[in-house]
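Examining the three-dimensional arrangement
Spelled out, the chains give:
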Amino acid sequence: MQSAWIDRDAEAAVACYGRLGRDLALRVYTTRLLGQDPRLVLHGGGNTSVKTRLTDLNGDMVDVLCVKGTGWDMATIEPGGLPAVRLAPLLKLRARQELSDEEMVRLQRANLIDPSAPNPSVEALLHAFVPHKFVDHTHSTAVLALTDQPDGEALCREVYGKRVGYVPYVMPGFGLAKAAAQVFEADPSVEGLILVKHGIFSFGADAREAYERMVALVSLAEQRLAKNRKPAFVSASLPARPARVADVAPIVRGACSLPDNKTEGAWKRFVLEFRCNDAVMNFVNGADVARYGQAGVVTPDHNLRIKNRPLVVAAPKEGDLQVFKNSVTQQVAAYAEDYTSYFGCNNARVGGIKTMLDPVPRVVLVPGVGLFGLGGSKKDAKIAADLAEAAIATITDAEAVGRFEALPESDLFDVEYWSLEQAKLGSAKELPLAGQVAAITGAAGAIGFATAKAFAAAGAEVALLDIDEAAALAKAKEIGGSALGLRCDVTDTVSVREAFAQVVSSFGGVDIAVSNAGAAWQGRIGEVDEAVLRESFELNFYGHQRVAQAAVNIMRAQGTGGCLLFNVSKQAVNPGPNFGPYGLPKAATLFLVRQYALEYGSEGIRANAVNADRIRSRLLNEEMISSRSKARGISKSAYMRGNLLGREVAAEDVAQAFLAQALALKTTADVTTVDGGNIAAALR
């Protein structure tokens with residue numbers, strides 16, 4: 001790898017953060033350089049530090065260690081992500097024989113210069129015990145490929161000789177800091193430390209020296225990996241026509257979902273992130289993938305995100321999905337059983353004090369298709385997939401020069417069930433639609449967009465479908481996060497199928513479908529042209545059927561139920577003058593809702609509708625408001641407030657009704673009226 005240091009950029013960082021001191025400014029700059037290279041650092045991994053002097057709250061100048069704070073990402077770090085800790089109290093801990101993780105965290109917090117700063121890294125003491133001014137730590141995939149071998153330390157000694165010290169594996173914390181300090185003190189001339197099966201440290205007198213030593217040491221590992229390579233994997237025999245991702249993902253997602261034992265009908269669902277580049281396919285298609293693919297994580301830090309190993313499933317064949325579904329269901333059950341056994345054995349070893357996490361894999365390898373990362377959100381799924389790709393790079397290199405070997409299960413368990421992580425259980429409240437995927441049609445309109453926002457705020461991943469692709473993309477960008485904007489013409493069966501296939505490919509499935517797209521045609525029913533009536537039925541009835549049918553096919557593949565929500569309008573039960581071309585298909589859609597409720601309720605698929613009236617939208621625009629108020633002989637304001645409460649109803653009110661129906665797990669065939677009160681439109 002090459003150094004990315006640029007003098008101009010370094011000085012720009014000093015100009016930006018110079019008020020905090022040149023040391024800290026350059027520490028931010030090189031930390032970002034390291035964090036922006038996925039071969040070195042991923043998603044909060046790694047850490048850096050600088051020893052400097054700062055003014056404390058009493059106005060006294062003190063020696064401090066500015067070290068990466070827990071939860072900060074090196075790629076985008078700001079000075080606030082490098083909390084300053086008084087250095088002298090940390091150095092005193094070097095004489096201690098034992099120190100629990102909890103004591104260590106309290107001591108570090110007690111010595112923060114700013115009491116509101118984030119917790120310093122769990123490896124802060126290691127940074128403190130090494131006397132160099134700048135210290136860098138990464139999880140270089142190239143270095144891990146060398147250390148993750150049966151003879152990893154010997155291989156590293158061949159590459160580095162005495163340029164670095166070698167620290168046998170110790171779990172991060174006080175014990176690792178002590179072990180690393182002992183290795184360093186045995187030879188203070190070393191440029192860095194290799195932490196076997198964990199990562200690499202480099203250090204220097206200034207930011208550039210520490211950073212470029214990291215680059216140089218990693219480059220040596222890369223050069224070694226390029227020598228005497230053998231083909232890492234022999235391809236397995238696979239189906240000539242593997243199944244599509246859009247068909248595979250819902251099956252995998254459904255098999256990995258967990259029924260909620262507290263609430264009947266509820267599920268713990270996961271969002272998926274799919275990857276299938278050449279490196280991934282070479283890996284998952286290997287004949288020996290069951291060995292190297294499930295050997296364990298490449299560094300214990302990853303265990304917190306993706307468990308101790310991925311799941312490898314059978315290759316799916318196009319047109320034979322039921323066989324694949326049966327196989328995956330069995331394999332996920334076997335994975336859960338193995339995980340429960342792994343937990344039981346290791347929990348007994350540590351005194352039975354741990355609380356078991358869910359037994360669901362966070363990475364699924366599918367020969368012939370690719371890999372899926374699983375997470376409670378799209379963000380978490382992407383992190384899992386990124387870590388899986390980093391593992392693939394490491395394992396591929398390791399197998400090309402030797403044989404990949406992970407840490408023993410006991411060490412992986414100790415990290416996954418770290419007391420600091422166990423203490424977080426139950427502290428974060430999960431949003432009600434977390435892990436669920438909602439697809440909304442007509443999503444660029446007022447009601448559709450309000451509904452998408454409401455569902456996203458409730459924790460769902462949202463796909464905004466609209467015939468106006470640019471508008472759908474703009475609205476998705478406005479929501480932010482992982483919101484997806486897609487073109488979907490509900491009058492075109494192919495367009496609907498393709499849109500839902502894209503939703504599945506992006507998120508892994510669909511749990512909630514809000515069929516909202518529609519438009520209004522007017523005319524006296526005895527005089528309207530038949531073509532107008534047919535056009536209205538195509539959008540306002542068949543459009544709903546196409547959307548519901550596409551969604552139900554996905555929901556049935558998942559096997560975890562789901563929710564169909566329809567915008568039926570008050571015209572379905574209370575026709576207005578000159579509005580027959582719109583009201584007739586809406587009345588048919590009301591029957592459609594009940595038919596879906598009747599036929600799919602036994603599979604946990606609910607079907608409900610909202611009967612709304614007089615909502616300002618693309619459908620009820622200023623022109624139509626004028627037309628409808630004129631037809632009734634009243635003012636526009638009186639028309640919009642023409643209900644029992646005398647209040648104008650907004651798109652957000654309809655969105656909240658849809659949200660309530662999505663959360664009502666024991667309600668189906670319901671029609672919720674949102675119109676401010678209209679007895680003529682009341683269903684009962």
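The text that follows walks through the structure, step by step, so that each part is easy to find. A quick note: this is a predicted structure, and the numbers were derived from the prediction, not measured. (Residues numbered from 1 in each chain as written. Predicted model: local features only at pLDDT ≥ 70, side-chain atom pairs only at ≥ 80, totals over all residues. Heavy atoms only, no water.)

1. A closer look at the sheet that holds strand 11 (residues 311-312)
- Ordered by their spatial adjacency, four strands build an open sheet running 10-13-12-11, and the pairing between neighbours is mixed. Among the strands making up the open sheet, the edge pair consists of strand 10 (271-275) and strand 11.
- Most of the contacts of helix 10 (residues 245-255) go to strand 10, to which it runs at about 140°, and overall it touches strand 10, strand 12 (363-366) and strand 13 (370-375).
- In the packing of helix 15 (residues 378-401) onto the sheet, contacts are made with strand 10, strand 12 and strand 13, and the angle to strand 10 comes to roughly 35°. (Pairing = 2+ DSSP bridges. Helix = DSSP H or I, 4+ residues; strand = E, 2+ residues; numbered from the N terminus. Contact = heavy atoms within 4.5 Å. Axes fitted to C-alpha atoms, helices over the stretch in contact; angles between N-to-C directions.)

2. Regarding the environment of Ile 605
- Within the element layout of this structure, Ile 605 appears in strand 19 (residues 605-612).
- Judged by relative accessible area, Ile 605 falls into the buried class, the value being 1%.
- Ignoring anything within four residues of it in the chain, the contact list for Ile 605 reads Val 552, Met 555, Arg 556, Gly 561, Gly 562, Leu 564, Tyr 600 and Thr 668. (Buried < 20%, exposed > 50% of the residue type's maximum accessible area, 1.4 Å probe, protein only.)

3. Thoughts on the sheet that holds strand 20 (residues 671-674)
- Read across the sheet, seven strands follow the order 16-15-14-17-18-19-20 without closing on themselves; strand pairing throughout is parallel. Each of the sheet's edge strands pairs with one partner strand only, and the pair in question is strand 16 (484-487) and strand 20. This sheet shows a mean twist of 20° between the axes of neighbouring strands, independent of strand direction.
- Pairing analysis gives three bridges linking strand 14 (residues 437-441) to strand 17 (residues 512-515), with the strands arranged parallel. Directly across from Ala 439, in strand 17, lies its bridge partner Ala 513.
- Relative to the sheet, helix 20 (residues 493-507) contacts strand 14, strand 15 (461-466) and strand 16, its axis offset from that of strand 16 by approximately 160°.
- The sheet contacts of helix 25 (residues 651-663) involve strand 17, strand 18 (562-567), strand 19 and strand 20, and relative to strand 19 the element is tilted by about 160°.

4. What about the packing of aromatic side chains?
- Within the structure shown, the criterion is met by 16 aromatic pairs.
- Seen in terms of ring centroids, Tyr 339 and Tyr 342 are 5.3 Å apart; in terms of plane orientation they differ by 55°. Their pairing is tilted. On the criterion of helical spacing, the pair formed by Tyr 339 and Tyr 342 is a turn pair, its members being three residues apart in helix 14 (residues 321-349). Both residues of the pair, Tyr 339 and Tyr 342, belong to the buried class.
- Taken together, Tyr 339, Tyr 342, Phe 343, Phe 413 and Tyr 417 form an aromatic cluster joined through their ring pairs.
- Above the face of the Phe 449 ring, Lys 475 is positioned so that its terminal group lies 4.4 Å from the ring centre.
- Here the basic side chain of Arg 614 rests over the ring of Tyr 639, its NZ or CZ set 4.2 Å away from the ring centre. (Phe/Tyr/Trp six-rings, centres within 6.5 Å; stacked < 30°, edge-to-face > 60°. Lys NZ or Arg CZ within 6 Å of the ring centre and 35° of its normal.)

5. Notes on the nonpolar core
- One finds Cys 66, Tyr 160, Ile 194, Phe 283 and Leu 365 to be the most contacted residues of the largest nonpolar core, which totals 80 residues.
- With 10 residues, helix 15 is the largest single contributor of residues to this core. (Core = buried A, V, L, I, M, F, W, Y, C linked by side-chain atoms within 4.5 Å.)

6. Side note on the packing of helix 20 against helix 21 (residues 530-558)
- At a closest axis distance of 10 Å, the pairing of helix 20 and helix 21 adopts a crossing angle of 35°. Between helix 20 and helix 21 lies a crossing of right-handed hand. Taking contact as the criterion, the partners of Thr 493, Val 496, Phe 500 and Val 504 in helix 20 are, on helix 21, Arg 546, Val 547, Ala 550, Ala 551 and Ile 554.
- The residue inventory of the contact of helix 20 with helix 21, partitioned by class, reads seven nonpolar, one polar and one charged. (Left-handed = near helix turned anticlockwise from the far one by under 90°. Nonpolar A, V, L, I, M, F, W, Y, C, P; charged D, E, K, R; others polar.)

7. Quick look at the environment of His 137
- Mapped onto the secondary structure, His 137 falls in strand 4 (residues 134-138).
- With near-sequence residues (within four places) excluded, His 137 lies in contact with Gly 46, Asn 47, Met 74, Glu 123, His 127, His 198, Gly 199, Ile 200, Phe 201 and Met 214.
- Of note is the side chain of His 137, whose polar atom sits 3.4 Å from the side chain of Glu 123. (Polar contact = N/O pair within 3.5 Å; in protein donor to acceptor, adjacent residues only side chain to side chain.)

8. A word on unusual backbone geometry
- Although it is not a glycine, Lys 307 sits at a positive phi angle of roughly 60°.
- Mapped onto the secondary structure, Lys 307 falls in the loop between helix 13 (303-306) and strand 11.
- Judged by its relative accessible area of 4%, Lys 307 falls in the buried class.
- Of note, Arg 614 is a non-glycine position whose phi angle comes to about 60°, a positive value.

9. Focus: the state of the cysteines
- All told, the structure shown has zero disulfides when counted by the stated rule.
- Take Cys 488: it sits in no disulfide, and the sulfur closest to it among the cysteines is that of Cys 563, at 18 Å.
- We classify Cys 488 as buried; its relative accessible area is 4%. (Disulfide = S-S within 2.5 Å.)

10. Comments concerning the pairing of strand 2 (residues 61-67)
- In terms of burial, strand 2 is a largely internal element, five of the seven residues being buried.
- The pairing of strand 1 (residues 47-55) with strand 2 spans seven bridges and is antiparallel. Bridging across to strand 2, Ser 49 finds its partner in Val 67.
- In textbook terms, the turn of a hairpin is the stretch between consecutive antiparallel strands, and for strand 1 and strand 2 this stretch comprises five residues, one of which, Gly 59, has a positive phi near 90°.
- Bridging between strand 2 and strand 3 (residues 84-86) involves three bridges; their strand directions are antiparallel.

11. Let's talk about helix 19 (residues 469-479)
- Where helix 19 begins, one side-chain oxygen reaches toward the backbone nitrogen of Ala 470, 3.3 Å away; that side chain belongs to Asp 468.
- Phi for Gly 480, located one or two positions after helix 19, is positive at around 85°.

12. Some thoughts on the pairing of strand 12
- The alternating pattern of strand 12 places Val 363 and Leu 365 on one face and Val 364 and Val 366 on the opposite face, and all of these are buried.
- Pairing geometry for strand 11 and strand 12, over two bridges, is parallel. Bridge pairing in strand 12 links Leu 311 to Val 364.
- Each parallel crossover has a hand, and for strand 11 linked through helix 14 to strand 12 it is right-handed.
- Looking at chain direction, strand 12 and strand 13 are connected through four bridges and run antiparallel. (Right-handed = clockwise from strand over helix to strand, strands pointing away.)

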